[in-house]
Amino acid sequence: MRNLVVFALTCVSLVCAQYAVSDKGFLIKQKNVYELFWHVDQPTVYHPELYQKARSYSIEDNVDSYTNKAAVNEFVSRWKYGMLPRGEVFSVLYPAHYEEAMALFRVFYYAKDFDTFYNTAVWARFNVNEGMYVYVLSIAVLHRPDTKYVRIPPMYEVMPNFFYNTEVIQKGHHIGMGETTAKKSAGGVDLYVVHANYSGWYLNHQEDHEHQINYYTEDIGLNYYYFLSTHEFPFWMNSAEYNFPKGVRGESYYFNHKQLLLRYYFERLSNNMGEIEHLDWHKPIVTGYYPTLTYHNGLPFPERHSGAEIPLEKYEHVKDVMDYETRISAAIDIGYVFDENHKPVDIYTPEGFDILGNIIEGNADSYNYKFYGSLDQLCRKILGFSLEPTTKYQTAPSALEIFSTSCRDPAFYRLYKKIVTYFMRYKAHLPAYTHDELAFPGVKVESVAVDKLMTFFDYFESMISNAVGVHNYKDAQNTIIKARQYRLNHKPFTYHITVNSDKNTKATVRVFLGPKYDLHHYEHDISENYMNFMEVDKWVVELKAGINKIERSSHESIYVVPDEVASDIFYKKTLKAIEGSEAFPYKSPRYGYPDRLMLPKGKKEGMPFKLFVFVSQFDDTHSQKIDSVIWGNVVLDGKSMGYPLDRPVHAYNFSVPNMYFKDVVIYHKDVEELNLTV
């Protein structure tokens, strides 16, 4: 793309920069891809001209336009035989569904050029299941080289019924039927706003306190982030065929879920809820879940009552899970796993932790799927309480079996507490870092300061029009329905770090946030609390000899991104850029965890936390460049994810000049109390 600025590689971190794009070919590509996601359940109504394109295109007749003819022939055979019908519920965690989704993806992925890909996507829009189509298309756009910089619409605007409660979607339907006059009109467009609450506001179960943090677990940005995070390495894609970076997949699976687990734990502490309960397959599931969500075909999401026993039909799965858990525990303690040829593979090697991660997830790179299965997927099937399908296509998956809704279920965090415990068990077998391994000779962190940390709730609006039927293309363009919701946010803040160095050198700065006290207000010892520190940022600096004053804004964190631009606004900007009336803004990094949720809510009176700042030497010889479809271009510095708090810590030996602990307090305020211009 001629005028699209190529993103510069940065070591470890990405700077959120904005570029002006003027390449008309790219802009048309962006417009065309964006339109493919709208009203997929009404393809002949929305953009009916695409229907003629779909009718005139044949994948089978254009087999030479794909680099993998076998993949094309397989898909065509599946489609002729019969695939998941339109209107049925799709979940990639059902074997029949993901096999068909994988076949469709391979056709998208192996299209020789963008035109072939686009024609295939237009054809599929009218001929394959809607849910499967959206899932596969979003992954294909992220992984194809020629759509690398093309943005997909936020899924909470593509499939709002996965992100908003049924009552919100129902209000949208009433608006679509003309049963309201509450609208604003501007420029020929009618705008309607629906106020959206979280499910706990009317399903307040006294025995279950999870509703207190529904504002977090049901946050649309959080759930969209998790949906995207599963697109980095979809479990059914193997590294060899799709050229994934080596030694990253399994460790990323662990690290991403541990970060989510810690962030949820912080929110619990902010609401005096204490530790996350352990799962015991022989006891009732403590936390219930009442989704108040409905699939696009009207089926409600399955629910789980508080203290419910595991259903009898799930016992077979429980037995399998217990077998897998025994085998994984034995592998961790003995030090090796068995591959498919029954040969032992040492996992206490530089690659071993990644091998373990692939086995626990049960992804396409697992050394022995038949023996170790997928602890992840099978636990979701048990805990979600979904009924066993009567046929492979008549399914009603639980929230845990849909990536867009997984984070809403409290069982998600109990599950990953169990899974993360296996990784921690592995780490406990490793020796603690020695003083020499932690020290950075000649470098000392002199001081750390941070601006006052304050959180608040404010309103956010997003489109739900896609969940509402339209009469024609014109109505769809001229009617916008938005949901307005109160969401957690925080004031921007800056780290002020002073580092003294006796030489010019390159260094990595890591910042962690962890609780200072437990629920009973006893101060934690780092030996017992190291695993509860969440990495909130890391970046590379060039230290000069002498005193270095380092400032870093919270918005610059490599892990967070601002809210997505609303689809209607983004689409209009694209059209104006094509016309040449204004420049098209492009920001990097492309996707990530919501910046708004970087801090836990805290408390009105203030809630103490600890910041941990660690400065380590950056060694170019051990770095690895990775082009992530989610995070963009990054360079890993050769250290384990979560280093140096990824292994057991002994307080008596965990003190070097290049680390610093800082007490901080997080205050929660009403938005009216804040000067948001500061």
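What you are looking at is a predicted structure, and each value in this text was computed from that prediction instead of being measured. (Residues numbered from 1 in each chain as written. Predicted model: local features only at pLDDT ≥ 70, side-chain atom pairs only at ≥ 80, totals over all residues. Heavy atoms only, no water.)

All right, on to empty space enclosed by the protein then. To find leftover empty space, one rolls a probe the size of a water molecule over the atoms. Under the defined criterion, the tally for this structure stands at 7 cavities of 30 Å³ or more. The space that makes up the largest cavity amounts to roughly 640 Å³. Looking at the largest cavity, it is lined by 35 residues, and the ones nearest its centre are Glu232, Phe233, Ser252, Asn256 and Trp631. Put simply, the parts of the chain that give the lining of the largest cavity at least two residues each are α10 (220–232), α12 (249–270), α16 (375–383), β17 (624–628) and β18 (632–636). No other element matches α12, which puts 6 residues into the lining of the largest cavity. Considered class by class, the residues forming the lining of the largest cavity number 22 nonpolar, 7 polar and 6 charged. (1 Å grid on protein atoms, 1.4 Å probe; cavity = no way out; pocket = protein on both sides within 12 Å on 5 of 7 lines; lining within 4 Å. Points joined across faces, edges and corners; volume = space filled by probe spheres on them. Helix = DSSP H or I, 4+ residues; strand = E, 2+ residues; numbered from the N terminus. Nonpolar A, V, L, I, M, F, W, Y, C, P; charged D, E, K, R; others polar.)

Turning to the sheet that holds strand β16 (residues 607–617), a few remarks are in order. In space, the 8 strands of this open sheet follow the order β2-β3-β8-β7-β19-β16-β10-β11, with mixed pairing throughout. Looking at strand neighbours, the two that pair on one side only are β2 (184–186) and β11 (534–543), the edges of this open sheet. Sheet twist, expressed as the average angle between the axes of neighbouring strands with direction ignored, equals 30 degrees. Pairing of strand β10 (residues 505–515) with β16, which is carried by 9 bridges, proceeds in the antiparallel orientation. Looking at β16, one finds that proline 515 is bridged to phenylalanine 609. Against the sheet, α12 touches β8 (479–490), β10, β11 and β16, its axis set at about 120 degrees to β11. (Pairing = 2+ DSSP bridges. Axes fitted to C-alpha atoms, helices over the stretch in contact; angles between N-to-C directions. Contact = heavy atoms within 4.5 Å.)

A separate point is helix α21 (residues 567–579). With 13 residues, α21 should reach 18 Å at 1.5 Å per residue; the first-to-last C-alpha distance of 18 Å fits that figure. Of all the residues in α21, the buried ones are Ser567, Asp568, Phe570, Tyr571, Thr574, Ala577 and Ile578. Just beyond α21, the residue with positive phi is glycine 580, at close to 90 degrees. (Expected span 1.5 Å × (residues − 1). Buried < 20%, exposed > 50% of the residue type's maximum accessible area, 1.4 Å probe, protein only.)

Before going further, it helps to spend a moment on helix α17 (residues 411–428). Given a rise of 1.5 Å per residue, 18 residues ought to cover 26 Å, and the 25 Å separating the end C-alpha atoms of α17 matches this to within 8%. With 15 of 18 residues buried, α17 lies mostly within the body of the structure.

Moving on: the side chain of glutamate 325. Its location among the elements puts glutamate 325 in helix α13 (residues 315–334). Under the relative-accessibility criterion, glutamate 325 is labelled buried at 9%. Side-chain polar atoms of glutamate 325 contact the side chain of lysine 418, separated by 3.0 Å. A polar contact is formed between the side chain of glutamate 325 and the side chain of tyrosine 422, at a distance of 3.2 Å. (Polar contact = N/O pair within 3.5 Å; in protein donor to acceptor, adjacent residues only side chain to side chain.)

Overall, antiparallel pairing links the 3 strands, which are arranged β6-β9-β12 in an open sheet. The strands lining the two open edges of the sheet, one partner per strand, are β6 (443–450) and β12 (546–553). Between one strand axis and the next, the sheet turns through 20 degrees on average, direction left out of account. Across 8 bridges, strand β9 (residues 494–501) lies against β12 in antiparallel orientation. Bridge assignment links threonine 494 to a residue of β12, and that residue is serine 553.

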